[in-house]
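Coordinate inspection notes
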Amino acid sequence: MSYDKTFSVEGGNFQAAGNVSSEIKGILKELGLPRDTVRRAAIVCYESEINIVSYAKKGQIVLHADDQSVEIEAKDEGSGIPDIELAMKEGYSTATAQVREMGFGAGMGLSNMKRYADDFFISSEVGVGTYVKMVVFNLDLKLHPDHPQWVDTYT
Amino acid sequence: MDLAAIVKALNLKVGCGGNALNREVKGGYVGDLLSDVIANSQEGHVWITRQIHQNIVAVASLKDLAAIILVQGSEPAPDTLEKATREGIPILIATDPGFEVAGKIYKLIST
Amino acid sequence: MTLNDVKDILDAEVIVGREQLGKEIKTAFSADLMSDVLAFAKTESLLLTGLTNPQVVRTADILDISAIIMVRGKKPSEETVKLAEQLKIPILSTKYILFETSGRLHRSGIVGCIEKVGTE
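First things first, this report covers the structure right here in the doc. In this text, all values refer to a predicted model and were calculated from it rather than measured experimentally. (Residues numbered from 1 in each chain as written. Chains lettered and ligands numbered in written order. Predicted model: local features only at pLDDT ≥ 70, side-chain atom pairs only at ≥ 80, totals over all residues. Heavy atoms only, no water.)

**Some words on the overall build of chain A**
Helices and strands together make up the secondary structure of chain A, namely five helices and seven strands. What you see in chain A, going N to C, is helices and strands ordered as β-α-α-β-β-α-α-α-β-β-β-β. The burial tally for chain A puts 50% of its 155 residues in the buried class. Of the contacts made within chain A by residues no fewer than 6 positions apart, 61% connect residues no fewer than 24 positions apart. Working note: accessible area of chain A is about 7400 Å², and carbon and sulfur atoms make up 50% of it. (Helix = DSSP H or I, 4+ residues; strand = E, 2+ residues; numbered from the N terminus. Buried < 20%, exposed > 50% of the residue type's maximum accessible area, 1.4 Å probe, protein only. Contact = heavy atoms within 4.5 Å. Areas by Shrake-Rupley, 256 points an atom, 1.4 Å probe, with all protein chains shown as cover.)

**Notes on the sheet that holds strand S1 (residues 13-16) of chain C**
Residue and element names in this part refer to chain C. If you walk across this open sheet you meet the six strands as S1-S5-S4-S3-S2-S6, and the pairing is mixed. Strand pairing shows two members of the sheet lacking a second neighbour, S1 and strand S6 (111-112), which therefore form its edges. Here strand S2 (residues 27-30) pairs with S6 via two bridges, running parallel. Opposite Thr-27, over in S6, you have Val-111 as the bridge partner. (Pairing = 2+ DSSP bridges.)

**Looking at the interface of chain B and chain A**
Tallying the contact residues gives four residues for chain B and five residues for chain A. Buried surface at the junction of chain B and chain A, summed over both partners, amounts to about 340 Å²; 50% is from carbon and sulfur atoms. When the buried surface of chain B facing chain A is broken down by residue, Leu-33, Arg-50 and Ile-52 of chain B rank first, second and third, together holding 76% of it. Counting across the interface, chain B meets chain A through one salt bridge. Here Arg-50 of chain B makes a salt bridge to Glu-90 of chain A, at a shortest N to O gap of 3.2 Å. Viewed at the interface, chain A and chain B are joined by one residue pair in polar contact (both at pLDDT 80 or more). (Buried area = accessible area lost by both parts, 1.4 Å probe. Salt bridge = Lys/Arg side-chain N within 4 Å of Asp/Glu carboxyl O. Polar contact = N/O pair within 3.5 Å; in protein donor to acceptor, adjacent residues only side chain to side chain.)

**Some thoughts on the interface of chain A and chain C**
Listed per partner, the contact involves 33 residues of chain A and 28 residues of chain C. Together chain A and chain C conceal approximately 2500 Å² of surface at their shared face, both sides included; 50% is due to carbon and sulfur atoms. At the boundary of chain A with chain C, the tally comes to three salt bridges. One can count 16 residue pairs in polar contact (both at pLDDT 80 or more) joining chain A with chain C. Elements with a minimum of two residues in the side of chain A that touches chain C: helix H1 (19-30), helix H2 (35-55) and helix H5 (109-116) of chain A. Among the elements that line the side of chain A that touches chain C, the one with the most residues is H2 of chain A, at nine residues. Its residues assigned to classes, the side of chain A that touches chain C comprises 14 nonpolar, nine polar and 10 charged. (Nonpolar A, V, L, I, M, F, W, Y, C, P; charged D, E, K, R; others polar.)

**Some thoughts on the nonpolar core**
Grouped together as the largest cluster of nonpolar side chains are 67 residues, with contacts concentrated most on Ile-24, Leu-28, Ile-61 and Ile-72 of chain A. No other element matches the 10 residues that H2 of chain A contributes to this core. Contact partners of Ile-24 of chain A, with chain neighbours within four places excluded, come to Phe-7, Cys-45, Ile-61, Leu-63 and Ile-72 of chain A. Counting residues in hydrophobic clusters, the runner-up holds 39 residues, among them Ala-94 of chain B together with Leu-10, Leu-21 and Ile-25 of chain C. (Core = buried A, V, L, I, M, F, W, Y, C linked by side-chain atoms within 4.5 Å.)

**Observations concerning the sheet that holds strand S5 (residues 129-137) of chain A**
Within a sheet, adjacent strands bond to each other through the backbone by hydrogen bonds, running parallel or antiparallel. All names here are of chain A. The sheet built from five strands is open, its strands ordered S1-S2-S3-S5-S4 with antiparallel pairing. A single partner strand is all that each edge strand has here, and the edge strands are strand S1 (2-10) and strand S4 (119-125). Looking at each pair of strands side by side, their axes are set apart by 10° on average, direction ignored. Across nine bridges, the pairing between S1 and strand S2 (residues 56-66) is antiparallel. For Phe-7, the partnering residue across the bridge sits in S2 and is Ile-61. Running at roughly 165° to S2, H2 makes contact with S1, S2, strand S3 (69-78) and S5 of the sheet. Here H5 sits on the sheet and contacts S4 and S5; the angle it forms with S4, its principal contact strand, is near 145°. (Axes fitted to C-alpha atoms, helices over the stretch in contact; angles between N-to-C directions.)

**Here we look at the pattern of salt bridges**
Between side chains of opposite charge, a pair can form as their charged atoms come close. What the rule picks out here adds up to 19 salt bridges over all chains. The residue Asp-36 of chain A makes a salt bridge to Arg-40 of chain A at a minimum N-O spacing of 3.1 Å. In this pair, Asp-36 of chain A and Arg-40 of chain A both sit in helix H2, four residues apart, roughly one turn of the helix. Note that Asp-96 of chain B is salt-bridged to Lys-104 of chain B, the shortest N-O span being 2.7 Å. Asp-96 of chain B sits in the partly exposed class, given a relative accessible area of 24%. Overlapping salt bridges bring together Glu-90 and Arg-115 of chain A, Arg-50 of chain B together with Asp-36 of chain C as one network.

**Overview of the environment of Thr-59 of chain C**
By the secondary structure assignment, Thr-59 of chain C is in helix H3 (residues 54-63). Along the primary structure Thr-59 of chain C and Met-34 of chain C are separated by 25 residues, whereas in three dimensions their C-alpha atoms are 6.8 Å apart. Not counting residues up to four positions away in its chain, the partners in contact with Thr-59 of chain C are Tyr-46 and Phe-104 of chain A together with Met-34, Val-37 and Leu-38 of chain C. A polar atom in the side chain of Thr-59 of chain C sits 3.4 Å from the side chain of Tyr-46 of chain A.

**Thoughts on empty space enclosed by the protein**
Under the criterion given, the structure shown has three cavities of 30 Å³ or more. Taken as a whole, the largest cavity spans an internal volume of roughly 60 Å³. For the largest cavity, the full set of lining residues is Val-30, Asp-32, Ile-48, Thr-49, Arg-50, Val-71, Gln-72 and Gly-98 of chain B together with Phe-29, Ser-30, Ala-31 and Asp-36 of chain C. If you list the elements that add at least two residues to the lining of the largest cavity, you get strand S3 (45-49) of chain B together with S2 of chain C. Residues of the lining of the largest cavity, tallied by class, amount to five nonpolar, four polar and three charged. (1 Å grid on protein atoms, 1.4 Å probe; cavity = no way out; pocket = protein on both sides within 12 Å on 5 of 7 lines; lining within 4 Å. Points joined across faces, edges and corners; volume = space filled by probe spheres on them.)

This is how it looks when you write it as structure tokens:
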């Protein structure tokens, strides 16, 4: 099985924010992927979609799913992130009042993506845009109580 | 019921303001939007939130709240602790999520 | 406990999902930060919030949340109602503040939930 689709996301359109993520969640469900894979992919996809809507002029979300994993790439044309390390810090945010009123912009988005993706890559150029790639492995793994990372069930 | 009793019953970690735990708690307010808390919380409430930014101290001070309780083990930002210490606002940390913290405090102060 | 019991405990008004009041409810999550909900709320929980915008429904859909309870007498916007109807997510509105709402449900046996404890 292999599935690819590209979606476009409009910056500033808060009304439509989340449409793409709901659609992707539906697609992944239909492909018969495990519930946990679908959940984690939908969460990271939604956070990245919210980021495009909140901070960019426009962007794209590229979905690739196969038997091994789900890949979500989010690329945008926007202001970019000057200091990625700072932006990754939970609680740090440059969100506008409008974004905060929606319940986002509390500085948790990027850390949520990192938390729920098995693989997380981010690069950004100021004045150009931001690229995020997230991979969720299609495996049913249990969470070790002492570690946030996903570990094998036999541990 | 005073803050100290709540700290003990819920096994809260005291981030700062340990010397102001004799204050009477009149109720609670759960909220993560500062504008909502400014508009609707009451003097003497404990404020239960996930926000860790230093602005929470200004809100608690403005509304004369009894304490801020951070949930899910959230650690306050360093400047938040500094400011809270300066303003005498206790910051307490719970490992439970907000629903659970609110539920337990509700039970304590309504009985 | 069913969603109908929740409605009675909170003296709530059903805005969307009258046909789903038989749903079984065991856990709840109280928050105004949708990223917090995304990070921690468990599937099939109740979402208790002071927010009313369409992103609340979207978040509930992404996580398979059972129902949304809007507190402090808040009513959803028209767009929010439309989206909730389309995605079949019940919305109830109660006059109680989030603290009181959480307290009443907790007293009635609903428990808090964290799906996964993530630390940085």
